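Chain and residue survey
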Amino acid sequence: MALESELRIPFQEGAHYGFIDPSGKEVIPAIYKNVGVFTEGLAPVRKNGTFGYINKNGKEVIESKFDMAHAFVNGQAKVYMQGKAYFINKDGNILFDHHLKNFYMTENDSLYICETNSGKYGVVDQAGNIIIDTLFQKVFQLNDELFDTRMFKEEDSYEGFIKVFDSKGNRVFKNFEIDGIGIFQDGIAKVEPISSNDVYVNGNGEIQFEVPKEWKMSYDYGYFQDGKAIVDIYTVDPDTIKRWSSREKYTKKGVINTKGEILFSNTNWKKITSFYQNRAFVQDKDEKWFLIDETGNCINDEKYDTIHIEDNGMGDASPFQKGTAFVERDGEISVIDMDGDIVGGPIYFNFEYDDLFRIGNTLFIQNYDPKTQEESPYSYGIWNWKTDLLIPPKFYNMDTLVEGEIWMVEYDGKLAYINNKGKEIWQQKGTTKTSKRLNIDYMNRGYFIASSPTDEELSQFGGWAGSSNKFKRATKKLGLPENGFNIVVRPEEKSDYYSFEGMKLYLSNNTQDTLFFSAQDSRIYMVLQAKDLEGNWKDIEFLPNSWCGNSYHYLFLPKEHFWEFNIPKYEGAIKTTLRAKLTDWYTSRNFENQERALYSNEFEGTINPAQLWSKRPYTPTGIMDPYDE
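Residues numbered from 1 in each chain as written. Predicted model: local features only at pLDDT ≥ 70, side-chain atom pairs only at ≥ 80, totals over all residues. Heavy atoms only, no water.

A few words now on the environment of Phe281. Along the chain, Phe281 turns up in strand β28 (residues 280-284). Put simply, Phe281 and Phe320 are 39 residues apart on the chain and 9.4 Å apart in space, counted from C-alpha to C-alpha. (Helix = DSSP H or I, 4+ residues; strand = E, 2+ residues; numbered from the N terminus.)

Let's shift gears to the sheet that holds strand β8 (residues 68-69). Spatial strand order, β8-β9-β10: three strands in an open sheet with antiparallel pairing. Each edge of the sheet is formed by a strand with only one pairing partner; in this case those strands are β8 and β10 (84-88). Alignment of strand β9 (residues 77-81) against β10, held across five bridges, turns out to be antiparallel. Bridging across to β10, Lys78 finds its partner in Phe87. (Pairing = 2+ DSSP bridges.)

Moving on: the sheet that holds strand β33 (residues 342-348). Each strand in a sheet pairs with another by means of backbone hydrogen bonds, the pair being arranged parallel or else antiparallel. With respect to topology, four strands assemble into an open sheet ordered β30-β31-β32-β33, the strand pairing being antiparallel. The open sheet has two edge strands, β30 (306-308) and β33, and neither has a second partner. On average, each strand axis in the sheet is inclined to that of its neighbour by 25°, with strand direction left out of account. Examined bridge by bridge, strand β32 (residues 332-336) and β33 share four bridges and lie antiparallel to one another. Opposite Val335, over in β33, you have Gly344 as the bridge partner. (Axes fitted to C-alpha atoms, helices over the stretch in contact; angles between N-to-C directions.)

Along the chain, Asn444 turns up in strand β42 (residues 444-445). A polar contact is formed between the side chain of Asn444 and the side chain of Tyr497, at a distance of 3.0 Å. For Asn444, the residues in contact, after removing those within four places along its chain, are Leu438, Tyr497, Ile540, Glu541, Phe542, Pro568 and Tyr570. (Polar contact = N/O pair within 3.5 Å; in protein donor to acceptor, adjacent residues only side chain to side chain. Contact = heavy atoms within 4.5 Å.)

Applying the stated rule across the entire model yields 26 salt bridges. Notably, a salt bridge pairs Glu40 with Lys90, separated by 3.4 Å at the nearest N-O pair. On the criterion of sequence distance, the pair formed by Glu40 in the loop between β4 (34-35) and β5 (43-46) and Lys90 in the loop between β10 and β11 (102-105) is long-range, its members being 50 residues apart. A relative accessible area of 37% means that Glu40 is categorised as partly exposed. Given the relative accessible area of 37%, Lys90 is considered partly exposed. Among the salt bridges present, the one from Glu302 reaches Arg329, with a minimum N-O distance of 2.5 Å. Of this pair, Glu302 sits in the loop between β29 (289-292) and β30 while Arg329 sits in strand β31 (residues 325-329), placing them 27 residues apart in sequence. Note on Glu302: relative accessible area 33%, which makes it partly exposed. One continuous salt-bridge network, built from bridges that share partners, spans Lys216, Asp232 and Lys253. (Salt bridge = Lys/Arg side-chain N within 4 Å of Asp/Glu carboxyl O. Buried < 20%, exposed > 50% of the residue type's maximum accessible area, 1.4 Å probe, protein only.)

Moving on to the environment of Phe448. Locating Phe448 in the fold gives a position in the loop between β42 and β43 (472-473). Along the backbone, Phe448 and Asp284 are 164 residues apart, and their C-alpha atoms lie at a distance of 53 Å. Discounting chain neighbours no more than four positions away, the residues touching Phe448 are Leu505, Ser522, Arg523, Ile524, Met526, Val527, Leu528, Glu541, Phe565 and Ile567.

Applying the stated rule across the entire model yields 39 aromatic pairs. Pairwise contacts between aromatic rings join Phe471, Phe485, Phe517, Phe556, Trp563 and Trp585 into one cluster. The positively charged end of Lys228 is found above the aromatic ring belonging to Phe275, 5.2 Å away from the centroid. It is Arg579 that lies over the ring of Trp537; its NZ or CZ is 4.0 Å from the centre. (Phe/Tyr/Trp six-rings, centres within 6.5 Å; stacked < 30°, edge-to-face > 60°. Lys NZ or Arg CZ within 6 Å of the ring centre and 35° of its normal.)

Tracing the sequence through the fold places Thr362 in strand β35 (residues 362-368). For Thr362, the side chain forms a polar contact with the side chain of Asn384, separated by 3.2 Å. Among residues more than four places away in sequence, those in contact with Thr362 are Phe326, Phe357, Ile382, Trp383, Asn384, Glu403, Gly404 and Trp407.

Turning to the nonpolar core, a few remarks are in order. Within the largest apolar cluster, 41 residues are counted, with the highest numbers of intra-cluster contacts made by Phe517, Phe565 and Leu582. With near-sequence residues (within four places) excluded, Leu582 lies in contact with Phe485, Ile487, Leu507, Phe517, Ile524, Tyr525, Met526, Ala597 and Leu598. (Core = buried A, V, L, I, M, F, W, Y, C linked by side-chain atoms within 4.5 Å.)

Our focus in this paragraph is the layout of surface pockets. Over the atoms rolls a probe the size of a water molecule, and its path tells where empty space is left. Empty space within the second largest pocket amounts to approximately 450 Å³. Around the second largest pocket, the lining is made up of 19 residues, and of these Tyr447, Ile449, Tyr497, Tyr498 and Asn566 lie nearest the centre. Only β42, β44 (484-497), β45 (500-510) and β52 (561-568) provide two or more residues apiece to the lining of the second largest pocket. Ranked by the residues each element gives to the lining of the second largest pocket, the list is headed by β52, at three residues. Here the residues of the lining of the second largest pocket are counted per class, giving 10 nonpolar, four polar and five charged. (1 Å grid on protein atoms, 1.4 Å probe; cavity = no way out; pocket = protein on both sides within 12 Å on 5 of 7 lines; lining within 4 Å. Points joined across faces, edges and corners; volume = space filled by probe spheres on them. Nonpolar A, V, L, I, M, F, W, Y, C, P; charged D, E, K, R; others polar.)

Rendered as structure tokens:
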């Protein structure tokens, strides 16, 4: 009943967002350009260019004045004004003023990791008082009370000096010169002293045990959970093993406690999962799984082909979540409790699928079939054992909105929400096209993609990444400048930027020679700029950096040729002047002298305040995606 009346779920209607309840009833109309989620009774929303906060009835309770606003956590929310970060309370009052660049919330509600304008880090409290001085290249949180601070020997290096401070700014662990330290789990953390063997210490810096050479932490589950950690115990003297890759042949699986004492081990075990309430799964050398207790004894005689683990990315993956585990045997999937008794299923999926992964009480079902799925080769379905809901893979996209209760799905180019009974409670009206113009509150990622054909003389300048945007020969009909190298933006010349309204930009070479350009995966170094409120030019787009050397190459543009680009027409609350800026280009193939930045003609447009500084978090799409922004 509380779920029906209190929960608010964002929905999209055209270019705007509102909120519905779990029955699908609209409770807050779609009048916002962007919304966050409700936490602690409030949600950040943007109607025009700035954010404010509304309550669950849709009433504005904190006025719209922030470039960006985040959800409330423990009575505090992080907001930005003119690119500067602040924390506010539920009355909308700023907790403290400062001269710092940014803040990051910690597990300790009263402390923040802070960053200075010079890129140094420290820790401040809710009043803005410095707790740990801003001297360090990095600050990491180890637990509620301890912080790991680092001063590196060289730029772009993690080798350096580590000091640990408590939440009052006192230095602790003074008895160690530390080369490395891990996060605290079950009250202890691994410390790598400079001049001695690795040790595990408690929050007071007291040594719990020294890591012996006779065992090492397991690669899969070598962390403490439920007072235990999985280790690989050497069956021979490890110093006699000549090849590192051969060490696994001379180990057996075991379990230790937080004092470093071996509780039990077994040479017939291939894997042991982490413990959860004194239960873990073990895989034998026949690759069968069975359930054990905290002494290593089997709970029952049942063996399973597969266990489905929910990995939350926090280093505490366990087959058991909320007291249950998903297991599979002979193609049938069951849910068992802590005693190994079946509480859900068994069920057999009489359809094709290639992967299963668990989130809470739901098992997501994935199928890959490039022959039948034109929009996406992947499709998704679910099995929710609590409500006995089974949907075979048929959705192109699927995500959890309310764990075990409501999911977002996509099919036929539309979004919809379904509940745990399989009922569709909301469907997007129209298509997924959201607006005529791009209305965003972040810097757009660089999109000026071009290509150069393979040429015997200039073959090294063609690049590795593919692009269909080939250069073309310039003609007088286009009306481009007849002399020099120019960037020409034509707002009046309509085009499509993905599903949004766009305009044309031309990069035209009417010099007497070929020009050369640095590129990342065929992306040349060009962005749009806009004037801020003080009249200063600021980038409103950014160029992501790749960690892969193969991403970097050069492109060339012959004389009397041009590249053509579709660029967005931005929509926002601030009227301003815009232009394009190009850097990293050369007139010589020797790349000895980089030319100065080249700018386009200026043109009028509108943007939102956060486009002048905010970058969205980016998650790589896979192992072949070398970008982290």
